[in-house]
Amino acid sequence: RAAGRGTWSIYHPEMSQMAAYRHWVEAELYGALQRDELSLHYQPKVLAATGETIGYEALLRWNHHQKGSIPPSEFIPVAEQCGLIQQIGDFVLRRVCEDLGKLPDHITVSANVSAAQFNRDGFVANLGRLLTETETRPERLEIEVTETLLIRNLAEVRRIMNGLRELGISLAIDDFGTGYSNLSTLSELRFNTLKIDKSFVDRLTESDDSASAMVASIVGMARSIDAGVVAEGVETQEQFTLLKAAGCTVMQGYLFGKPMPLSAIKARAGEARAT
Ligand code: C2E
Ligand code: CA
Ligand code: CA
Ligand code: CA
């Protein structure tokens, strides 16, 4: 009993099950790319003032030929660990650019980019080529990165971000408020958008002043660095009202629309124009 209770042991049955599952995911992910099982869903971002859809976030979906749908929370970390995130990331950015060509020109799309993908040599140059090749206006593309990126090599991050900005792509910081970045780092890196993490939105109710104060402080921070604010995971009318009052101008969440395939959002856009 040298290893006490709560200590991870490689013989723990749950852990070996987890390891086996990760192993299975990794093996199947190679095939997923070949079998064309990956696709993108798009979730609307709406203007709080008018309800108008101004853009979408691209979210990866995996429909395994036997197991059916496997959520990104289960396969993205595995892909990051085994290096497949590079190929998967390339697939996502290419598909987003192709799909932008099928959407109205004022619509923007944001894509999630993992730290390993962002830090890979040639990321900016490859993206530049992709934009040219697909004839994508760079202003229509936004890249979402998480704060974990910023605790690594700041000089390197700054260099890549400057490169992306030179291309004309905008940059969003995802899940904002969950990490450690300070105002000076944020303003130095000149993010275009802060995305308020769902965990803050979840806590927003009339009776909880601390969550509202947190949102108000993020909105204030965004203003001071001249960035926009997007609230994610908005599910209720009450959250919407409180966020709007706190100065949040763009919202995303099930209240406005779930992530949907491209065909569904094209149909919606058509409807909106027809009415
Ligand atoms: P994320 O970037 O924070 O994406 C938001 C997640 O919240 C998505 O989960 C979305 O479907 C979900 N969501 C949106 N609105 C609501 C709501 O009102 N209520 C609830 N309960 N959930 C909502 P999803 O699609 O399962 O993605 C999970 C995470 O996987 C993403 O979190 C992102 O970190 C990662 N991910 C997804 N697609 C990609 C990708 O193409 N590349 C990379 N690197 N990561 C991705
Ligand atoms: Ca995101
Ligand atoms: Ca997020
Ligand atoms: Ca999140």
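Structural data are supplied above this passage.
Residues numbered from 1 in each chain as written. Chains lettered and ligands numbered in written order. Predicted model: local features only at pLDDT ≥ 70, side-chain atom pairs only at ≥ 80, totals over all residues. Heavy atoms only, no water.

**Student:** Where do I start with the coordination of the calcium ion (ligand 3) in this structure?
**Tutor:** For a metal bound by four donors in tetrahedral geometry, the ideal donor-metal-donor angle is 109.5 degrees, whereas six donors in octahedral geometry ideally sit at 90 or 180 degrees. Within the protein, the calcium ion (ligand 3) binds to Asp 174 (OD), Asp 175 (OD), Glu 232 (OE) and Glu 232 (OE); these donor distances fall in the range 2.2 to 2.4 Å. Mapping the donors of the calcium ion (ligand 3) onto the primary sequence yields the spacing D-D-x56-E. In this structure, the calcium ion (ligand 3) lies 3.7 Å from the calcium ion (ligand 2), and both are coordinated by Asp 174. Residue Asp 174 is located in strand β6 (residues 170–176), and its partner Glu 232 is located in the loop between β8 (228–231) and α10 (237–245); the two are separated by 58 residues in the primary sequence. (Donors = N, O, S within 2.8 Å, 3.2 Å for Na, K, Ca; no water. Helix = DSSP H or I, 4+ residues; strand = E, 2+ residues; numbered from the N terminus.)

**Student:** Even after reading the chapter, I still don't get the environment of Pro 138, so can you show me in this structure?
**Tutor:** Tracing the backbone through its elements, the reader meets Pro 138 in the loop between α5 (123–133) and β5 (141–146). Separated by 30 residues in sequence, Pro 138 and Thr 108 place their C-alpha atoms 9.5 Å apart.

**Student:** What am I meant to see in the coordination of the calcium ion (ligand 2) here?
**Tutor:** Of the protein atoms, only Glu 57 (OE), Asn 112 (OD1), Glu 144 (OE) and Asp 174 (OD) coordinate the calcium ion (ligand 2), at distances of 2.2 to 2.3 Å. Of note, the donors binding the calcium ion (ligand 2) are all from one chain and are spaced E-x54-N-x31-E-x29-D.

**Student:** What is the right way to look at the packing of α5 against helix α6 (residues 154–167) in this model?
**Tutor:** For any two helices packed against each other, the geometry is given by the interaxial angle and the distance between the axes. Where α5 meets α6, the closest approach of the two axes is 9 Å, and the angle between their N-to-C directions is 15°. Taken together, the axis directions place α5 and α6 in an arrangement best described as roughly parallel. Crossing angle aside, the handedness with which α5 passes α6 is right-handed. Along the contact surface, α5 presents Phe 123, Val 124, Leu 127, Gly 128 and Leu 131, while α6 presents Ile 160, Gly 163, Leu 164 and Leu 167. A per-class count over the contact of α5 with α6 returns seven nonpolar, two polar and no charged. (Axes fitted to C-alpha atoms, helices over the stretch in contact; angles between N-to-C directions. Parallel < 35°, antiparallel > 145°, perpendicular 65-115°, else oblique. Left-handed = near helix turned anticlockwise from the far one by under 90°. Contact = heavy atoms within 4.5 Å. Nonpolar A, V, L, I, M, F, W, Y, C, P; charged D, E, K, R; others polar.)

**Student:** Mind showing me how you'd approach the site of ligand 1 here?
**Tutor:** Taken together, 20 residues lie near ligand 1, and Gln 43, Arg 61, Ser 114, Glu 235 and Tyr 254 sit nearest. Within the residue set of the shell around ligand 1, elements represented by two or more residues are β2 (53–64), α2 (72–82) and β6. At four residues, the largest contribution of residues to the shell around ligand 1 is made by β2. (Near = heavy atom within 4 Å.)

**Student:** Help me understand the side chain of Gln 239 in this model?
**Tutor:** Tracing the backbone through its elements, the reader meets Gln 239 in helix α10. Note on Gln 239: relative accessible area 6%, which makes it buried. Discounting chain neighbours no more than four positions away, the residues touching Gln 239 are Val 201, Asp 202, Leu 204, Gly 233 and Val 234. (Buried < 20%, exposed > 50% of the residue type's maximum accessible area, 1.4 Å probe, protein only.)

**Student:** Quick question: what am I supposed to make of the pairing of β2 here?
**Tutor:** The side chains of a regular strand alternate between the sheet's two faces. Taking burial as the measure, the twelve residues of β2 include nine buried ones, the bulk of the element. Where strand β1 (residues 38–47) and β2 come together, nine bridges link them in antiparallel fashion. Along β2, the bridge assignment pairs His 41 with Leu 59. Where β1 folds back onto β2 in an antiparallel hairpin, the turn is made up of five residues, including Gly 51, whose phi is positive at roughly 80°. (Pairing = 2+ DSSP bridges.)

**Student:** What exactly am I supposed to notice about the packing of aromatic side chains here?
**Tutor:** Any two aromatic rings considered together are summarised by their centre-to-centre distance and by the angle between their planes. One pass over the structure, following the stated rule, counts five aromatic pairs. Seen in terms of ring centroids, Trp 62 and Phe 75 are 5.4 Å apart; in terms of plane orientation they differ by 90°. Their pairing is edge-to-face. Taken together, the residues span a long stretch of sequence, with Trp 62 in strand β2 and Phe 75 in helix α2 at a distance of 13 residues. Both residues of the pair, Trp 62 and Phe 75, count as buried. Both rings, one in Phe 118 and one in Phe 123, keep their centres 5.8 Å apart while their planes meet at 45°; by these two values the pair is tilted. No difference in accessibility class separates Phe 118 from Phe 123, as the two residues are buried. Lys 67 extends its terminal NZ or CZ atom over the ring of Trp 24, reaching a point 5.3 Å from the ring centre. The ring of Tyr 254 carries the charged tip of Lys 258 above its face, separated from the ring centre by 4.6 Å. (Phe/Tyr/Trp six-rings, centres within 6.5 Å; stacked < 30°, edge-to-face > 60°. Lys NZ or Arg CZ within 6 Å of the ring centre and 35° of its normal.)

Interpretation in functional terms is not warranted from these geometric data alone.
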